[in-house]
Amino acid sequence: MVVKARRALTESPTASSERAAITTDAVRALDRAAAKGVLHKRNAARRKGRLMKQLAKLGTAPAPAPAPTKGRRKAAPAAAPAAPAPAKKSRSK
């Protein structure tokens, strides 16, 4: 998948939307391989970075793929600001 994306970016005259789609598929394949342990996560990140660098050089950048959230919860929506605490009353003896 990565080789196909690299060839689409350098050699073949394909449409920009097709290049972006092929590159996105390659990034997903790299993420899957890293998640399964086939590739080291840094190796996959390096390959994805190189693909994106080539794609940016051509001027076609797809929307970034969402990062995998394995074992993590989604971020909670921003809560409304809390009301200020009431003033403390002084005690008199």
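Up top you'll find the structure we're talking about.
Residues numbered from 1 in each chain as written. Predicted model: local features only at pLDDT ≥ 70, side-chain atom pairs only at ≥ 80, totals over all residues. Heavy atoms only, no water.

What about helix H2 (residues 16-36)?
Stage number 1. Here H2 contains 21 residues, and its C-alpha end-to-end distance of 30 Å stays within 8% of the 30 Å for a straight helix at 1.5 Å per residue.
Stage number 2. Looking at H2, one finds that the buried residues are Arg-19, Ala-20, Ile-22, Thr-23, Thr-24, Ala-26, Val-27, Leu-30 and Ala-33.
Stage number 3. Where the residues of H2 are buried, they touch helix H1 (2-10) and helix H3 (41-58).
Stage number 4. Backbone geometry just downstream of H2 places Gly-37 in the positive-phi region, at approximately 90°. (Helix = DSSP H or I, 4+ residues; strand = E, 2+ residues; numbered from the N terminus. Expected span 1.5 Å × (residues − 1). Buried < 20%, exposed > 50% of the residue type's maximum accessible area, 1.4 Å probe, protein only. Contact = heavy atoms within 4.5 Å.)

Here we look at the nonpolar core
Stage number 1. Formed by Val-2, Ala-5, Ala-8, Leu-9, Ile-22, Ala-26, Leu-30, Ala-33, Leu-39, Ala-44, Leu-51 and Leu-55, the largest nonpolar core amounts to twelve residues.
Stage number 2. Contributions of two or more residues to this core are made by H1, H2 and H3.
Stage number 3. Beyond its immediate sequence surroundings of up to four residues, Ala-5 is in contact with Ile-22, Thr-23, Ala-26 and Leu-51. (Core = buried A, V, L, I, M, F, W, Y, C linked by side-chain atoms within 4.5 Å.)

Topic: H1
Stage number 1. Along H1, the residues classified as buried are Val-2, Ala-5, Ala-8 and Leu-9. Mapping the buried residues of H1 onto a view down its axis gives an arc of 125°, with all of them on the same face. Of the residues in H1, the exposed ones pointing more than 90 degrees away from the buried face are Lys-4 and Arg-7.
Stage number 2. Of the surrounding elements, those touching the buried residues of H1 are H2 and H3. (Arc of directions from axis to C-beta.)

Just geometry here; none of it tells us what the structure is for.
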